[in-house]
Amino acid sequence: MIHITFTADQKQLAQQIRDDLTGAFETAPPLLIVLVSAASNQDPVVAAEIARARQSGLQLLPILLENVALPEALAYEKPLNFAAGYRRAILLRRLSQLTMTSPEVRQANRRALLVIGAIAALMFGLAIIGMLSGLVAFPVAEYNEEATFQALWIDGLIRQTLEYAQPRSTDDALNFAATLAAAPTRLHRYMRGTATALPRTQGE
């Protein structure tokens, strides 16, 4: 439900706003509209209404009717500035935005997030239990098969070239920098892995 707080000299505008909002929303957000002017900033009744709205958790929408500072109680609210004249369309657009983010909508969103989080936690827990109990296991055979395929593929691509380029003796290994520089760049990684293995194997 939308309430309006105002001073006596703002009664006519408050009634116009009330008429404009009647039937404009199927579900109106719980809201207090505060008509702000120099006079209302000093009005204890308006201040009391703002305080009650705060305690009740109502949203607050200040409407500036004069170019004055917001009272301290509304300092963090985003006002509509109607100092140049009331504009119904702008008010309705702002209220539509507030309706989309009303406390009920936010609460429903929080409940949905909690449900999704609970489902995710349950699935994670079941996966951990399954792995610990042996019901679920990593596909080791598939991983090994893929690794073997990659090794054979690489071996088929580079074996012939690597055969003549890799170190063939202890001297080649000792002068490995020159041997490596003479080989194609794509073989460097594989040659580094065999730089000392061949001479040691041949020595045996």
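Residues numbered from 1 in each chain as written. Predicted model: local features only at pLDDT ≥ 70, side-chain atom pairs only at ≥ 80, totals over all residues. Heavy atoms only, no water.

A few points about the nonpolar core
Reasoning step 1: Grouped together as the largest cluster of nonpolar side chains are 17 residues, with contacts concentrated most on I17, L21, I33, L61, I63, L91 and L95.
Reasoning step 2: Residue assignment for this core shows that the elements contributing at least two residues are α1 (11–21), β2 (31–36), β3 (59–64) and α4 (88–100).
Reasoning step 3: Grouped together as the second largest cluster of nonpolar side chains are nine residues, I50, A53, L60 and L64 included. (Core = buried A, V, L, I, M, F, W, Y, C linked by side-chain atoms within 4.5 Å. Buried < 20%, exposed > 50% of the residue type's maximum accessible area, 1.4 Å probe, protein only. Helix = DSSP H or I, 4+ residues; strand = E, 2+ residues; numbered from the N terminus.)

Structural notes on the pattern of salt bridges
Reasoning step 1: What the rule picks out here adds up to three salt bridges.
Reasoning step 2: Its salt-bridge partner being D20, residue R88 comes within 3.6 Å of it at the nearest N-O pair. Taken as a pair, R88 in helix α4 and D20 in helix α1 lie far apart in primary sequence, 68 residues in all.
Reasoning step 3: For R88, a relative accessible area of 42% translates into the label partly exposed.
Reasoning step 4: Note that E77 is salt-bridged to R54, the shortest N-O span being 3.0 Å. Of the two residues, E77 sits in the loop between β3 and β4 (80–81) while R54 sits in helix α3 (residues 44–56), which places them 23 residues apart along the sequence.
Reasoning step 5: By relative accessible area, which is 22% here, E77 ends up partly exposed. (Salt bridge = Lys/Arg side-chain N within 4 Å of Asp/Glu carboxyl O.)

Considerations on the pairing of β3
Reasoning step 1: Of all six residues that make up β3, six are buried, and the element is covered over most of its length.
Reasoning step 2: Every second residue of β3 is oriented toward a common face, with Q59, L61 and I63 on one face and L60, P62 and L64 on the other, all of them buried.
Reasoning step 3: Of the strand pairs in this sheet, β2 and β3 are connected by six bridges, and their pairing is parallel. Its bridge partner lying in β3, L31 is registered against Q59.
Reasoning step 4: In this sheet, β4 lies alongside β3 in parallel orientation, the contact comprising two bridges. (Pairing = 2+ DSSP bridges.)

Some words on a nonpolar patch on the surface
Reasoning step 1: On the surface, a cluster of nonpolar side chains totalling about 430 Å² of accessible area is made up of F124, I128, M131 and L132.
Reasoning step 2: Structurally, L132 is set in helix α5 (residues 103–133).
Reasoning step 3: Residue class for L132 comes out exposed when judged on its relative accessible area of 74%. (Patch = residues over 30% accessible without salt bridge, like charges linked within 9 Å, V, L, I, M, F, W, Y side chains within 5 Å. Areas by Shrake-Rupley, 256 points an atom, 1.4 Å probe, with all protein chains shown as cover.)

Considering the packing of aromatic side chains
Reasoning step 1: Scanning the model with the defined rule gives one aromatic pair in all.
Reasoning step 2: Ring geometry for F82 against Y86: centres 5.6 Å apart, planes inclined by 80 degrees, an arrangement best described as edge-to-face.
Reasoning step 3: Residue F82 is classed as buried on the basis of its relative accessible area, which comes to 4%. (Phe/Tyr/Trp six-rings, centres within 6.5 Å; stacked < 30°, edge-to-face > 60°.)

Digging into the confidence of the model for the protein
Reasoning step 1: Per-chain confidence: the protein averages 80 in pLDDT, with 75% of residues scoring 70 or above.
Reasoning step 2: pLDDT under 50 marks residues 197–201. Its contacts with residues more than four places away, or in other chains, come to six contacts. (pLDDT = per-residue confidence, 0-100. Contact = heavy atoms within 4.5 Å.)

Points about the environment of M1
Reasoning step 1: With respect to the helices, strands and loops of the structure, M1 is situated in the segment before β1 (2–5).
Reasoning step 2: The class of M1 is exposed, set by a relative accessible area of 64%.
Reasoning step 3: Here the alpha-carbon distance between M1 and P30, two residues 29 residues apart in the chain, equals 4.7 Å.
Reasoning step 4: Filtering out sequence-adjacent residues up to four positions away, M1 remains in contact with A28, P29, P30 and L31.

Concerning α1
Reasoning step 1: Buried within α1 we find L13, A14, I17, D20 and L21. The buried residues of α1 occupy one face: seen down the axis, they fall within an arc of 125 degrees. Opposite the packed face of α1, turned more than 90 degrees from it, sit the exposed residues K11 and Q12.
Reasoning step 2: Just downstream of α1 lies G23, where phi reads positive at about 75 degrees. (Arc of directions from axis to C-beta.)

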